[in-house]
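Chains, contacts and geometry: an overview
What follows is each chain in one-letter form.
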Amino acid sequence: MDFLENLSRQLEDIRLDGTNVRAEFPCPRSVLRYLNDQESMNDPNNLTNTSNLENGIDNEGAPENQSRIRTRKRLQRRQKQKIKSLFDKHDINPNEQNRSTTNTIEPLSNHKDFYHDYMQLDDVKKGLESGELFEGNIRISQKCHTEAYVPSPDKSKDILINGIRSRNRALDGDKVVVKILDKSHWRNPDTEDCQRTGLVVYITSSKENRIVVGSLIVDRGVIHRYSTLIPRDCRIPRLLVDTSIWPFPIDLRDGTKESKELFYAVFSRWDNYKTPFGVLKGVLGESGKINAETEGILIAHDIQEHPYPDDIDKYFPPPFSVEEELKHRKDFRKHCIFSIDPPTAKDLDDALSCVPLPNGNFEIGIHISDVTYFVKQGTPLDEIAEKLATSVYLIQKVYHMLPPALTMMASLLPGTDKLAVSITLEMTPDANVISHSFSQSIIHSCAQLHYAHAQIFLENPDKKDWDESEFPTVYNGYTVSDCATAVSHLHKLAAVMRERRFGSGALAINQPKLSFEIDRATCEPLSYSLYILHESNWLIEEFMLLANTMVAEHLKTHFPTTAMLRNHHAPDVAPMEKAVKLLKTHDIDIDFTSAGSIHKSKAVYCQGENSKNSHWDIIINNILSKPMVRAEYCVIDPNRLMSHFALNVPYYTHFTSPIRRYPDIVVHRMLISWLTNKPIKEYEDPKVIDKIAINSNDKKNNAKKASEASADIYAACLIGKLGGLQVDAAIMEIKENYFEATVLSMNMNVRVYVNISHNNPDLVHKACKFFIFDNKPTLVVWWDNKGENKQTLQLFDKVKLKLLKRENCLKLRAILIRDE
């Protein structure tokens, strides 16, 4: 005890140089070994050694090395705890020290020189030119945050960036420069599963003002001015934030150092320390509550709740004059025009009409809201809409791209004259297009139908005596029967178009969407269901796809260097081969030479709800969707392939939803400039269109992530209210310590850990083992200590899970339970 007391007193004389700790007095060997290990790890020239501990690069298949590393890490953790306890016992108040001194002191645990120094820019340029280095956007795995990937320059399997040290301070989405490591560091070298690994040596571009949302771990220890922000997104590193200058009390959960509330911060700097520094900016509310967690989703994905100033309406155009507009618009007001949308829809972008012609053909009208009349180019309204780029759909609310009042003005609501851009088609009964034309128009929709109404029409094709009270009000002198007849004609044409589209090589990977019924007063979830697409959904889809394809072909011809297109590349070969190989082990043969071959070969095994193994549909679609790349907006490039892989068309764009997508507004302006012969000078520069496309891709990606995150927190909230939920699931991936499964009633993927450890104290089974059986990853789980009652788990197997809400946050935990 005397020695410890003496050591504690002498700790006052420790010199802190950044975060390197050097003691000028005798220390126990364990402490010295810890300090020496840190110094060796901080050697930037020791690339091999520094990466081994963090990443285990060259320890694959070497259990004795892995065991030694685990032991070493365990000893280091114990040694860190001992040193920390010594500091905490010694009552030093950093606020009593000279302020200029404390401002230079970094947290003791934040290792300096943890990462390799970046290469000089001149050396980077030379390396890129010689092919020694390559550039790409880094993608951090959501399932395993220590793994990241950069697309390979030769389009083969992605390059693995294994471990946070090899990632070298790069964040998800950053454009980075990578050096491929020596073969000895690759994963599974000299095998079919070989994957090259790389090291980030330079960051070309990174998102500015990156916001991090999470809970605080507040250390009340001696020299700890800094607290740790634990991000909600596991791909983002923990941030060190200075809470000594935070002006408000931080409430902690009883018996813990964790804050009750959810905070957000911005990155301030990330020097060559293990952990970046941030600055606290605000508090969102109590962690685990719907409103606070939703605020966190919005902030983390750069989505503004109130993007428009209060006086934005001064940029709205005056009400249009029908007489003036008819001077250059086509009059469709006497036609039987209607919209078909979900019951909650407010932004009615599109409407359809169908008129039988004397020759037996049909005149089809595809009418899209003319948003360009309301959003004048170059106004502050237009600038904000361009920046927002898309509407964002969360479970409890829609954050519209346009101001709500303007959204209603532009929406094709029934019973009133509305401005549109129309495509008029003459189609034969077998859905061949004889002729088509584009025009600015005025329409008068007679009904706002829901998909359910249209579905009723389709399921009762011969019915004539419709009860008008069961349907929305029908205007303009038409009846419910008139709408039903038109829907029936459109459905027959759409069915032919759909069959022809897939017959000629299109691909669809349908994923049922999880939806919730919520309490509008509290925004709390009441129940959930899967939103299944029906024939009425496909009807609308076919005509919208046709319109987008026709407009894209038109733009390609008349705007050969500036057309705004929607491009979808074929999936990367390596991940698709991996998925196909996995399915092959279960006697499922997928030909992935084209979109059509994928669709036709998977259709053999996906037989719908009436199939004996209906869950195969979901699992096969989930597995095949993983290698698919996202479609993106782009400016046309005559020197590049501009086709849309899934739709199997040479050119495609977005024209049909201008109220909720800014690229559609750009496309409308181009089409109208051709119709009116009034060129748009700004749109003659491909760089302008490219800039809009890049921003739109980023915003659309953020909106998609936010929508998925909203569904996740609502699922967790509902399951928490129920006290847990037992569900049926199907396995879609098997790993050594866990398996991925799809909850069939929710089409939601969960990770189920099966390894017995102190981190999983509530597991029901007693033991588990992973092995490869007949080329199939397999887990065997024993339900008793005698080893008599076991369950074998493989891909496609159905399992019973218990879903639980994690404590103090809206995240789920899935536990394998015995299916009696």
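- As annotated in an unreviewed UniProt entry, the protein carries the name RNB domain-containing protein and comes from Macrosiphum euphorbiae.

With respect to unusual backbone geometry
- You will see that Asn648, though not glycine, has its phi angle at about 60 degrees, which is positive.
- One non-glycine residue with positive phi stands out, namely Asn808, at about 65 degrees.
- Within the secondary structure layout, Asn808 lies in the loop between strand E33 (798–805) and strand E34 (812–817).
- According to the relative accessible area criterion, Asn808 is partly exposed, its value standing at 24%.

Structural notes on the packing of helix H12 (residues 451–459) against helix H13 (residues 480–503)
- Across the interface, H12 lies against H13 with an axial gap of 9 Å and an inter-helix angle of 75 degrees. The orientation of H12 with respect to H13, classified from their angle, is roughly perpendicular. In contact with Ala454, Phe457 and Leu458 of H12, H13 contributes Val480, Cys483, Ala484, Val487, Ser488 and His491.
- Along the lines of polarity and charge, the residues of the contact of H12 with H13 split into seven nonpolar, two polar and no charged.

Looking at the environment of Met544
- As for its position among the elements, Met544 is in helix H14 (residues 535–558).
- For Met544, a relative accessible area of 9% translates into the label buried.
- Distance from Met544 to Ile368, taken between C-alpha atoms, is 9.8 Å for residues 176 residues apart in sequence.
- Setting aside residues up to four positions removed in sequence, Met544 forms contacts with Asp350, Leu352, Ile366, Ile368 and Thr656.

Observations concerning the environment of Val371
- Here Val371 lies in the loop between strand E17 (362–369) and helix H10 (380–388).
- Separated by 293 residues in sequence, Val371 and Asp664 place their C-alpha atoms 9.2 Å apart.
- When residues no more than four places from it in sequence are discounted, the contact partners of Val371 are Leu402, Ala410, Pro658, Ile659 and Ile665.

Observations concerning the layout of surface pockets
- Of the pockets and cavities examined, the second largest pocket occupies roughly 390 Å³.
- Considering the residues around the second largest pocket, the lining is formed by 16 residues, among which Met497, Arg501, Leu546, Thr549 and Val649 are closest to the centre.
- Secondary structure elements with two or more residues in the lining of the second largest pocket: H13 and H14.
- Per element, the largest residue contribution to the lining of the second largest pocket is five residues, and it comes from H14.

What about the packing of aromatic side chains?
- Per the counting criterion, the structure on display carries 15 aromatic pairs.
- Ring plane angle 75 degrees and centroid distance 5.8 Å describe the contact between Trp246 and Phe248, whose orientation is recorded as edge-to-face.
- Given a relative accessible area of 17%, Trp246 falls into the buried group.
- Linked through ring pairs, Phe114, Tyr115, Phe267 and Trp270 together constitute an aromatic cluster.
- A cation over an aromatic ring shows up here: Arg165 above the ring of Phe114, its NZ or CZ 3.8 Å from the ring centre.
- Looking at Arg501, its charged tip hangs above the ring of Phe502, at a distance of 4.6 Å from the centre.

The rules behind these values
Residues numbered from 1 in each chain as written. Predicted model: local features only at pLDDT ≥ 70, side-chain atom pairs only at ≥ 80, totals over all residues. Heavy atoms only, no water. Helix = DSSP H or I, 4+ residues; strand = E, 2+ residues; numbered from the N terminus. Buried < 20%, exposed > 50% of the residue type's maximum accessible area, 1.4 Å probe, protein only. Axes fitted to C-alpha atoms, helices over the stretch in contact; angles between N-to-C directions. Parallel < 35°, antiparallel > 145°, perpendicular 65-115°, else oblique. Contact = heavy atoms within 4.5 Å. Nonpolar A, V, L, I, M, F, W, Y, C, P; charged D, E, K, R; others polar. 1 Å grid on protein atoms, 1.4 Å probe; cavity = no way out; pocket = protein on both sides within 12 Å on 5 of 7 lines; lining within 4 Å. Points joined across faces, edges and corners; volume = space filled by probe spheres on them. Phe/Tyr/Trp six-rings, centres within 6.5 Å; stacked < 30°, edge-to-face > 60°. Lys NZ or Arg CZ within 6 Å of the ring centre and 35° of its normal.

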